[in-house]
There are 2 protein chains.
Amino acid sequence: MSTRAKRGATAAPSRPGRATGAPRYARVADALLADIERGKYAVGDLLPPELDIAEQYGISRYTAREAIRRLHDMGLITRRAGIGTTVKATHTQVRYTASISDITDLLHYSKKTQLKILSEDWVRIEGPLEPLLKDAAGQRWLKFSTLRYPAGGEVPISFTEILVHPTYERIRERMHEPNATVYRLLEDMHGETIHEVRQEIGCTALTRKTAALLGARAGGPALYVLRYYIGKGDSLMSLSINTYPQDRFKLSTSWRLDRRGDDR
Amino acid sequence: MSTRAKRGATAAPSRPGRATGAPRYARVADALLADIERGKYAVGDLLPPELDIAEQYGISRYTAREAIRRLHDMGLITRRAGIGTTVKATHTQVRYTASISDITDLLHYSKKTQLKILSEDWVRIEGPLEPLLKDAAGQRWLKFSTLRYPAGGEVPISFTEILVHPTYERIRERMHEPNATVYRLLEDMHGETIHEVRQEIGCTALTRKTAALLGARAGGPALYVLRYYIGKGDSLMSLSINTYPQDRFKLSTSWRLDRRGDDR
DNA sequence: TAGTGGTCTAGACCACTTC
DNA sequence: AAGTGGTCTAGACCACTAC
């Protein structure tokens, strides 16, 4: 009980389980983590209160909190004042993540593309659209038919149909501006943020009509990408239906291993 | 001063008292964030030392640290003892992330699939393989040709060629086990972890040979997915080349907005 | 040697939840 | 009223980096 502070940030490269020269909070965090993995605290259980943990390990409340914070950063627990600390998972659920800085990153490598609007009209959600927009069946949505070109290029990358919830019809006013994108207009004009994008990728054969628009061979293979743009509270704001003919576009994603609980 | 602690985490709408109602560290973090965005501290600059910030805002070092921690959690700064706090970015670089708990999640919705190995041999990286594995040109890699079936199904989902770096040839021993996956065997048998997966998605037309294996129409559209499995230090460990005929498989990804600096 | 961030203590008041 | 996590203070020693 005499040894005071141990040391600052030493090498101590996140040896899982080991705990020789690591800070106290890290050792306590490892101990708690081991308890959770061993099942001493099951999912749904409460961890002991901070003061109990502090007493149990002979540390101050600050250090106990710092240990618990690690578990929180790993996403293993939730905390609520008045309730306590609840175990939510025994292992870090997410191991790999992919990141983008901007939704545009989903669309094309090069952000330097241009959208050409072929037509703009109101459509009723029925027929082939209905399975894509079940919850909006019968509603009238704004629809843009577009081609996307590389900067200065003559050959389109994709044929894209964009459906927009009627609430946001004002974006029509500025949709023809160069470099306009639906989601940016939604943010600018309606103050709405895209909270989530759900993307579904498949393949298809080009119809005669689409092939003609894209200058590709009818029946040829094409990437078919649906993107649902979802706002606050799971509200669907927009849907885009993209068709990319073979070899004009490649979708790349990089998934990286998370090391959240280790260093920081 | 006399005023001690302010308050806990409250909503506190428009109490005309002092500041907004947010904790002090949050207000200070916002102020620092504003300074960074305004350019008062440019990228590469050092933020003032903790004690200066504490003095400047009339708070304790703990509270100043807590404020700075938020900026760190947002990825805007790096900190080093003896040096100081360096501004690394003015805005959170990553806004949207997608997560998976397991690499298997990349492959198919249902994890209940079975791999059938058609053949296994050593191939030299040349010819059509060379552009995919430039750095390994001329090397001999282990290659598996496989079909993946849904649990109990008769119709394959995909034709997959798997290339494995010669270092890891031992996985051959257990590759035929049910539910074997390359990356899990790499972890089990060689103690190597996949640090990153790079995925490239395109489309193609089925060759006669592949179509025959898959029981699909030659020339029909197919998803073409390359996955590079990368270990520590950017070392390429394995590559898989997947061909999914139309309608047998859909790739889904969900990108969520990060809200790291806001609540927690 | 001086100054930085990293760790730690011992206390305190607060808001929230449960009894 | 009691107990929880959330916030905050005023101090301290440490390891690291620069001078």
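Placed above this text is the structure.
Residues numbered from 1 in each chain as written. Chains lettered and ligands numbered in written order. Predicted model: local features only at pLDDT ≥ 70, side-chain atom pairs only at ≥ 80, totals over all residues. Heavy atoms only, no water.

> What exactly am I supposed to notice about the overall build of chain A here?
Assigned secondary structure in chain A consists of six helices and eleven strands. Sequence-distant contacts in chain A: of pairs separated by 6 or more residues, those separated by 24 or more amount to 56%. Element-wise, carbon and sulfur atoms account for 48% of the exposed surface of chain A, whose accessible area totals about 14000 Å². (Helix = DSSP H or I, 4+ residues; strand = E, 2+ residues; numbered from the N terminus. Contact = heavy atoms within 4.5 Å. Areas by Shrake-Rupley, 256 points an atom, 1.4 Å probe, with all protein chains shown as cover.)

> Can you help me understand the pairing of strand β2 (residues 77–80) of chain A in this one?
Each regular strand carries side chains that alternate between the two faces of the sheet. Residue and element names in this part refer to chain A. Examined bridge by bridge, β2 and strand β3 (residues 84–87) share four bridges and lie antiparallel to one another. Residue pairing across strands places Ile77 opposite Val87, the latter belonging to β3. Connecting the antiparallel pair β2 and β3 is a turn made up of three residues, with Gly82 showing a positive phi of about 90 degrees. (Pairing = 2+ DSSP bridges.)

> I keep staring at the packing of helix α1 (residues 24–38) of chain B against helix α3 (residues 61–73) of chain B and nothing clicks. Help me out?
Helix-helix packing: each pair is described by the crossing angle between the helix axes and the interaxial distance. Residues and elements named next belong to chain B. Relative orientation of the contacting elements α1 and α3 amounts to 50 degrees, with a least axis distance of 8 Å. By the criterion of interaxial angle, the relationship of α1 to α3 is oblique. Here the hand of the crossing between α1 and α3 comes out right-handed. Between α1 and α3, the contacting residues are Arg24, Tyr25, Ala26, Val28, Ala29, Leu32, Leu33 and Ile36 on the first element and Thr63, Glu66, Ala67, Ile68, Arg70 and Leu71 on the second. (Axes fitted to C-alpha atoms, helices over the stretch in contact; angles between N-to-C directions. Parallel < 35°, antiparallel > 145°, perpendicular 65-115°, else oblique. Left-handed = near helix turned anticlockwise from the far one by under 90°.)

> Can you walk me through the protein's contact with DNA strand D in this structure?
Near DNA strand D you find 26 residues, and of these Arg61 of chain A together with Arg24, Tyr25, Ser60 and Thr63 of chain B are the closest. Backbone atoms, meaning sugar plus phosphate, form 71% of the atoms of DNA strand D positioned within 4 Å of the protein. Interatomic distance of 3.2 Å between a side-chain N/O atom of Thr85 of chain A and a phosphate oxygen of DNA strand D. Of all the secondary-structure elements, those providing two or more residues to the surface near DNA strand D are α3 (61–73), β2 and β3 of chain A together with α1 and α3 of chain B. Tallying contributions element by element places α3 of chain B first for the surface near DNA strand D, with three residues. (Near = heavy atom within 4 Å. Polar contact = N/O pair within 3.5 Å; in protein donor to acceptor, adjacent residues only side chain to side chain.)

> What's the story with the interface of chain A and chain B in this structure? I'm lost.
Think of interface size as the accessible area that goes away when the parts come together; that is how it is often given. In this complex, chain A contributes 46 residues to the contact, which on the side of chain B involves 46 residues. Across the chain A to chain B interface the summed buried area is about 4100 Å²; carbon plus sulfur atoms make up 52%. Considering only the surface of chain A that becomes buried against chain B, Tyr96, Cys203 and Trp255 of chain A emerge as the three largest contributors, covering 18% of it. Our enumeration of links across chain A and chain B arrives at six salt bridges. Here Glu66 of chain B ties to Arg69 of chain A by a salt bridge, and the two come within 2.8 Å at their closest N and O atoms. Linking chain A with chain B are 21 residue pairs in polar contact (both at pLDDT 80 or more), by the criterion used here. Mapped onto the side of chain A that touches chain B, the elements with two or more residues apiece are α3, β4 (96–100), β8 (196–205), β9 (221–230), β10 (236–245) and β11 (251–257) of chain A. Considering each element in turn, the side of chain A that touches chain B owes the most residues, ten residues, to β8 of chain A. A class-by-class count of the residues in the side of chain A that touches chain B yields 21 nonpolar, 14 polar and eleven charged. Pairing analysis gives six bridges linking β11 of chain A to strand β8 (residues 196–205) of chain B, with the strands arranged antiparallel. Paired with Thr253 of chain A across the bridge in β8 of chain B is Gln199 of chain B. (Buried area = accessible area lost by both parts, 1.4 Å probe. Salt bridge = Lys/Arg side-chain N within 4 Å of Asp/Glu carboxyl O. Nonpolar A, V, L, I, M, F, W, Y, C, P; charged D, E, K, R; others polar.)

> Explanation requested: the environment of Val87 of chain A in the structure shown.
Residue and element names in this part refer to chain A. Relative to the helices and strands, Val87 is located in strand β3. Spatially, the C-alpha atom of Val87 lies 50 Å from that of Glu177, the residues being 90 residues apart in sequence. Not counting residues within four places of it along the chain, the set of residues in contact with Val87 comprises Ile36, Tyr41, Ala42, Val43, Gly44, Asp45, Leu47, Leu76 and Ile77.

> Where do I start with the relation of the copies chain A and chain B in this structure?
One copy of the chain maps onto the second through a rotation about an axis and a displacement along it. Take chain A, turn it by 180 degrees, move it 0.1 Å along the axis, and it overlays chain B with an RMSD of 0.4 Å. Seen this way, the second copy is the image of the first under a two-fold rotation axis. Closest to the rotation axis within chain A is the C-alpha of Pro221 of chain A, separated from it by 2.2 Å. Taken as a fraction of all interface residues of chain A, those also at the interface in chain B reach 100%, which identifies the copy contact as same-surface. (Least-squares fit on C-alpha atoms with pLDDT ≥ 70 in both.)

> What exactly am I supposed to notice about helix α5 (residues 182–190) of chain B here?
Residues spaced three or four apart along an α-helix face the same direction, because each turn holds 3.6 residues. All names here are of chain B. Buried residues of α5: Val182, Tyr183, Leu185, Leu186 and Met189, and no others. Taken down its axis, α5 places every buried residue within 160 degrees of arc, on the same side. Gly191 lies just past α5 and shows a positive phi near 65 degrees. (Buried < 20%, exposed > 50% of the residue type's maximum accessible area, 1.4 Å probe, protein only. Arc of directions from axis to C-beta.)

> I keep staring at the packing of aromatic side chains and nothing clicks. Help me out?
For any pair of aromatic rings, geometry is given as the distance between the ring centres together with the angle between the planes. Residue and element names in this part refer to chain A. Tallied over the full model, the rule gives three aromatic pairs over all chains. For the pair Tyr244 and Phe249, a centre-to-centre distance of 4.0 Å together with 25 degrees between the ring planes defines the contact as stacked. Tyr244 sits in the buried class, given a relative accessible area of 1%. (Phe/Tyr/Trp six-rings, centres within 6.5 Å; stacked < 30°, edge-to-face > 60°.)

> Help me understand the sheet that holds strand β3 (residues 84–87) of chain B in this model?
Two orientations exist for strands paired in a sheet by backbone hydrogen bonds: parallel and antiparallel. Strand order in the open sheet formed by three strands is β1-β3-β2 (chain B), with antiparallel pairing between adjacent strands. Here the strands that pair on one side only, and so sit at the sheet edges, are β1 (46–47) and β2 (77–80) of chain B.

> Sorry, what's going on with the pattern of salt bridges here?
Opposite charge on two side chains permits them to pair, given that their charged atoms come into close proximity. Residues and elements named next belong to chain A. Under the defined criterion, the tally for this structure stands at 24 salt bridges over all chains. Between Glu120 and Arg172 there is a salt bridge whose closest N-O contact spans 2.7 Å. Of this pair, Glu120 sits in strand β5 (residues 113–124) while Arg172 sits in the loop between β7 (158–164) and α5 (182–190), and the two are 52 residues apart along the sequence. What emerges from the salt-bridge pattern is a single network uniting Glu50, Arg61, Arg65 and Arg79.

Any functional reading would require information that these geometric values do not contain.
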